[in-house]
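Report on the structure
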Amino acid sequence: MVILNFLLIFVFSLVSVKGIMFHAVPNGQKCLREEIRQNVLIVGEIEVDQVPNQKVDYVVTDSKGHILAQHHDVSKARFSFVTENYDTFEICFTTKVPIQQTYSPQEITLNVKRGVEAKNYELIGEAAKLKPMEVELKRLEDLSTSIVQDFVLMRKREVEMRDTNESTNNRVLYFSIFSMCCLLSLATWQVLYLRRFFKAKKLIE
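Note that the coordinates shown come from a computational prediction; the quantities given were computed from them, not determined experimentally.

What follows covers the sheet that holds strand β7 (residues 87-96). In any sheet, the strands associate via hydrogen bonds between backbone groups, in a parallel or an antiparallel arrangement. Spatially, β2-β7-β4-β5 is the arrangement adopted by the four strands of the open sheet, whose pairing is antiparallel. Of all the strands in the sheet, the pair left with one neighbour each is β2 (29-36) and β5 (67-71). When strand polarity is set aside, the average angle formed by the axes of neighbouring strands in this sheet is 15°.

Set out below in structure tokens:
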């Protein structure tokens, strides 16, 4: 029983829920980036402290510049999307303050849930007419699948990094051999040239 509880705590600790709080930059932009694998549900909630005449806009884009979500003059907002490919996603906050107005600190709260934690299993259970235990088992099944996919992705990236390191090592080795051959050739040429030069000057026989 203790081992089961420990495993459940470990599994739930792997669920990705991210919250961040920061102050907006006056008439500036602050961006946050994260790499996310394919077919992952992302749900974000944004809350901005309201200050008269100060506006905060946000936009969510992928690495190709496609806009996935955006909102102007936000106070409270919620966005969601499903990733189509493994990519780097970015959310940018832009603050607009009139030049003649003194800037007042504006706090932005961003909570992002992805994968299993982003799904509403109560609605899924009601739609499929599942019992509470079945809903919880469905949630655990999705969570375990997500963890396995994360490990597979980590393994794939490890293989790619190892291949890159081996390729780089081979290139460095070949370049070192080429450099040594060039140096030996240059040294041999210098010796022969100086030998001919000294013979021409009759300094050596």
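The discussion continues.
Inspection of the entire model under this criterion finds seven aromatic pairs. Taking the centre distance of 5.8 Å and the plane angle of 40° together, the rings of Y58 and F79 count as tilted. Of this pair, Y58 sits in strand β4 (residues 55-61) while F79 sits in strand β6 (residues 76-82), and the two are 21 residues apart along the sequence. Seen in terms of ring centroids, F79 and F81 are 6.3 Å apart; in terms of plane orientation they differ by 15°. Their pairing is stacked. Residue F79 shares its accessibility class with F81, and that shared class is buried. Among the aromatic residues, ring-to-ring pairing joins F22, Y58, F79, F81, F89 and F93 into one connected group. The positively charged end of K30 is found above the aromatic ring belonging to F22, 5.5 Å away from the centroid.

Attention now moves to the state of the cysteines. Applying the stated criterion across every chain yields a total of one disulfide. The residue that forms a disulfide with C31 is C92, at a sulfur-sulfur distance of 2.0 Å. Taking the sign of the S-S torsion, 110° for the link of C31 and C92, the bridge is right-handed. Taken together, the residues span a long stretch of sequence, with C31 in strand β2 and C92 in strand β7 at a distance of 61 residues. Summary of cysteine pairing: C181 is not part of a disulfide, and the nearest cysteine sulfur, belonging to C182, is at 7.0 Å. Residue classification places C182 among the partly exposed positions, given a relative accessible area of 36%.

On average, the protein scores 83 in pLDDT, and the residues at 70 or more come to 90%. No element of the protein has a lower mean pLDDT than helix α1 (residues 2-13), which averages 42, and none a higher one than β4, which averages 92. In this model, residues 1-17 is a region of pLDDT below 50 whose contacts with residues beyond four sequence positions or in other chains number 17 contacts.

A separate point is the pairing of β7. Counted residue by residue, β7 has seven buried out of ten residues, so it is predominantly covered. Bridge count for β2 against β7 is eight bridges, and the pairing is antiparallel. Paired with Q29 across the two strands is T94, which belongs to β7. Sheet analysis places β4 next to β7, joined by seven bridges and oriented antiparallel. Directly across from V59, in β7, lies its bridge partner C92.

Where charged atoms from two side chains of opposite charge approach closely, those side chains can pair. For the structure on display, the rule yields eleven salt bridges. Between R114 and E34 there is a salt bridge, with the nearest N and O atoms lying 3.0 Å from each other. Here R114 is found in strand β8 (residues 107-114), whereas its partner E34 is found in strand β2, with 80 residues between them in sequence. For R114, a relative accessible area of 24% puts it in the partly exposed group. On the basis of relative accessible area, E34 is assigned to the partly exposed category, the value being 24%. The salt bridge involving R139 is made with E136; its shortest N-O contact spans 4.0 Å. Of this pair, R139 and E136 both sit in helix α3 (residues 132-200), three residues apart, which is roughly one turn of that helix. When its relative accessible area of 33% is taken as the criterion, E136 is described as partly exposed. Here the salt bridges share partners, and the residues they tie into one network are E117, E136 and R139.

Rules behind the numbers
- Each chain carries its own residue numbering, running from 1 in the written order of its sequence.
- Per-residue local features of the predicted model are confined to residues with pLDDT of at least 70, and side-chain atom pairs are confined, for both listing and counting, to 80 or more; whole-chain, interface and lining totals are unaffected and use all residues.
- The side-chain figures draw on all heavy atoms in the structure; neither hydrogens nor water molecules are used.
- Pairing between strands requires that DSSP locate at least two bridges from one strand to the other.
- In DSSP terms, a helix is any run of H or I states spanning at least four residues, a strand is any run of E spanning at least two, and both are numbered starting from the N terminus.
- For helices, the axis comes from a line fit to the C-alpha atoms of the stretch in contact; other axes are also lines fit to C-alpha atoms, and the angle between any two N-to-C directions lies between 0 and 180 degrees.
- Aromatic pairing here means that ring centres of Phe, Tyr or Trp (its six-membered ring) are within 6.5 Å. Orientation follows from the plane angle: under 30 degrees is stacked, over 60 is edge-to-face, and everything else is tilted.
- The classification of residues rests on relative accessible area computed with a 1.4 Å probe and restricted to protein chains. Under 20% of the type maximum is buried, over 50% is exposed, and intermediate values are partly exposed.
- Whether a charge sits over a ring depends on NZ of Lys or CZ of Arg being within 6 Å of the ring centre and within 35 degrees of the ring normal.
- Cysteine sulfur pairs qualify as disulfides if the two atoms are within 2.5 Å.
- As a per-residue quantity, pLDDT reports the predictor's confidence and falls between 0 and 100.
- Contacts are residue-level and defined by heavy atoms, with any inter-residue pair within 4.5 Å sufficient.
- Salt bridges, as used here, are contacts in which a Lys or Arg side-chain nitrogen is within 4 Å of a carboxyl oxygen on Asp or Glu.

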